[in-house]
Amino acid sequence: MTIGTALLQGARRLEAAGVAVPRLTAEVLLAWLLGRERVYLFAHPEAELTAPQQAEYEDTIERRLDGAPTQYITGRQEFWGREFRVTADVLIPRPETEHVVETAMELARGACRIVDAGCGSGILAVTLRLETGAEAWGTDISTAALAVARDNARRLGAPVRFVACDLLSGLADASFDLVVSNPPYVPDGDRPGLQREVRDYEPHVALFAGPTGYEIYERLVADARRVLRPGGWLIMELGFGTYQRVLEMLGCGWKSARTVPDLAGIPRVAAAQLAPL
């Protein structure tokens with residue numbers, strides 16, 4: 001079987017099963033399996049796959065058809081122009097989370113100490129450390145997630161400090177200029193309606209917040225007031241339709257509360273500055 005034939009057959013199977021962007025998925029999986037860039041596939045469609053390569057590609061397509069996300073199969077995902085390692089212990093980085101980075105770099109450009117609360121794979125802590133040069137920390141309740149974050153920081157040359165704790169509980173009072181987070185915000189009752197790839201494969205501790213979906217926001221806003229220095233910023237990713245309730249939380253004790261929309265105009269980020277005492 002040639003590369004061209006393998007891609008054609010793989011894309012057809014993925015399309016028939018309703019997998020999004022089937023051709024791209026087929027290309028990404030085959031390029032990963034061969035240890036090549038995708039451009040190699042386009043330049044060598046006539047190259048023959050070995051029997052073991054063909055069998056492994058078919059198994060890989062089967063895994064994707066069974067619902068395994070492409071990123072968990074390949075173990076990698078790009079964020080802010082860098083390749084991060086991902087496993088089933090961490091959420092898959094989404095493009096929407098880049099709005100948190102953009103907002104932090106605009107509103108808190110002078111921050112000297114930054115913490116990513118619930119850091120998962122470490123995308124926010126690592127990116128902000130490399131982009132701003134500020135001292136960066138990351139926390140997570142999952143030690144398995146922290147192992148992934150540490151590996152990403154090491155590979156990308158970002159000296160980030162990691163702490164195993166629940167949100168900000170392990171950090172000292174008034175010790176940071178910026179808290180960023182992409183917290184769990186899915187209500188427990190929404191679980192049946194999630195995509196299979198999300199519901200069955202991504203870590204529930206990083207997805208579900210509780211009965212209302214606001215439980216982690218409430219705790220994060222309260223504890224951010226403890227660890228932030230006066231004038232420090234709290235910047236959080238928003239779930240769909242959550243912005244009004246989250247802005248209400250950023251009332252007493254906060255100032256300059258705002259939301260930042262994504263390219264579709266949907267409020268994607270909430271930000272507020274801790275008011276002086």
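Please refer to the structure placed before this passage.
What counts, and where the lines are drawn
- Residues numbered from 1 in each chain as written.
- Predicted model: local features only at pLDDT ≥ 70, side-chain atom pairs only at ≥ 80, totals over all residues.
- Heavy atoms only, no water.
- Pairing = 2+ DSSP bridges.
- Helix = DSSP H or I, 4+ residues; strand = E, 2+ residues; numbered from the N terminus.
- Salt bridge = Lys/Arg side-chain N within 4 Å of Asp/Glu carboxyl O.
- Buried < 20%, exposed > 50% of the residue type's maximum accessible area, 1.4 Å probe, protein only.
- Expected span 1.5 Å × (residues − 1).
- Arc of directions from axis to C-beta.
- Contact = heavy atoms within 4.5 Å.
- Axes fitted to C-alpha atoms, helices over the stretch in contact; angles between N-to-C directions.
- Parallel < 35°, antiparallel > 145°, perpendicular 65-115°, else oblique.
- Left-handed = near helix turned anticlockwise from the far one by under 90°.
- Nonpolar A, V, L, I, M, F, W, Y, C, P; charged D, E, K, R; others polar.

S.K.: Can you walk me through the pairing of strand β1 (residues 76-79) in this structure?
M.R.: Remember that side chains alternate between the two faces of the sheet whenever the strand is regular. As paired strands, β1 and strand β2 (residues 82-85) are joined by four bridges and run antiparallel to one another. Looking across to β2, one finds that Gln77 is bridged to Phe84. The antiparallel pairing of β1 with β2 creates a hairpin that spans two residues between the two strands, and Trp80 there sits at a positive phi of about 55°.

S.K.: What should I look at first to understand the pattern of salt bridges in this one?
M.R.: Proximity of charged atoms lets side chains of opposite charge pair with each other. All told, the structure shown has 17 salt bridges when counted by the stated rule. The partner of Glu27 in a salt bridge is Arg38, with the nearest N and O atoms 2.8 Å apart. Placement of the pair is Glu27 in helix α2 (residues 22-34) and Arg38 in helix α3 (residues 38-43), with a sequence separation of 11 residues. For Arg38, a relative accessible area of 35% corresponds to the partly exposed category. Across the pair Arg85 and Asp151 runs a salt bridge whose closest N-O atoms are separated by 2.7 Å. Here Arg85, found in strand β2, pairs with Asp151, found in helix α8 (residues 143-156); they are 66 residues apart in sequence, far enough to count as distant. The exposure class of Asp151 is buried, given its relative accessible area of 15%. Through salt bridges that share partners, Arg85, Asp151, Arg154 and Arg155 make up one connected network.

S.K.: Got a minute to help me understand helix α4 (residues 51-65) in this structure?
M.R.: In an α-helix, one turn spans 3.6 residues; hence positions three or four apart end up facing the same way. Its 15 residues give α4 an end-to-end C-alpha distance of 21 Å, which sits within 8% of 21 Å, the value for a rise of 1.5 Å per residue. When α4 is considered as a whole, its buried residues turn out to be Tyr57, Thr60, Ile61, Arg64 and Leu65. End-on, the buried residues of α4 take up no more than an arc of 140°, which puts them together on one face. Exposed residues on α4 whose side chains face more than 90 degrees from its buried face are Ala51, Pro52 and Asp59. Phi for Gly67, located one or two positions after α4, is positive at around 110°.

S.K.: So what exactly am I meant to see when it comes to helix α10 (residues 215-227) here?
M.R.: The first and last C-alpha atoms of α10 sit 19 Å apart over 13 residues, in line with the 18 Å expected at 1.5 Å per residue. Looking at α10, one finds that the buried residues are Glu215, Ile216, Tyr217, Leu220, Val221, Ala224 and Val227. Contact partners of the buried residues in α10: β3 (113-117), β6 (176-181), β8 (208-210), β9 (228-237), α11 (243-249) and β10 (254-261).

S.K.: Looking at this model, I keep getting lost on the environment of Ile141. Mind explaining?
M.R.: Mapped onto the elements of the fold, Ile141 is located in the loop between β4 (135-140) and α8. Along the sequence, Ile141 and Ala117 sit 24 residues apart, while their C-alpha atoms lie 9.5 Å from each other. Once you skip the residues sitting within four places of it in the chain, Ile141 turns out to touch Cys165, Asp166 and Val205.

S.K.: It is not clear to me how the environment of Ala174 should be interpreted in this structure. Could you clarify?
M.R.: Secondary-structure assignment places Ala174 in the loop between β5 (160-164) and β6. Here the alpha-carbon distance between Ala174 and Leu146, two residues 28 residues apart in the chain, equals 24 Å. Ignoring anything within four residues of it in the chain, the contact list for Ala174 reads Arg226, Val227, Leu228 and Arg229.

S.K.: What exactly am I supposed to notice about the packing of helix α6 (residues 98-107) against helix α7 (residues 123-132) here?
M.R.: The geometry of a pair of packed helices is captured by two quantities: the angle between their axes and the separation between those axes. With their axes 11 Å apart at the nearest point, α6 and α7 run at an angle of 40° to one another. The angle between α6 and α7 falls in the class oblique. When the axes of α6 and α7 are compared, the crossing they make is right-handed. Residues Val100, Val101, Ala104 and Met105 of α6 pack against Leu124, Thr127, Leu128, Glu131 and Thr132 of α7.

S.K.: For this particular structure, what's the right way to read the packing of helix α1 (residues 3-16) against α2?
M.R.: Put simply, α1 and α2 touch, their axes get as near as 8 Å, and they point 130° apart. Our classification of the angle between α1 and α2 gives oblique. Crossing of α1 against α2: the hand is right-handed. On α2, the residues that touch Ile3, Ala6, Leu7, Leu8, Gly10, Ala11, Leu14 and Glu15 of α1 are Pro22, Arg23, Thr25, Ala26, Glu27, Leu30 and Leu34. Here the contact of α1 with α2 is composed, by residue class, of 10 nonpolar, two polar and three charged.

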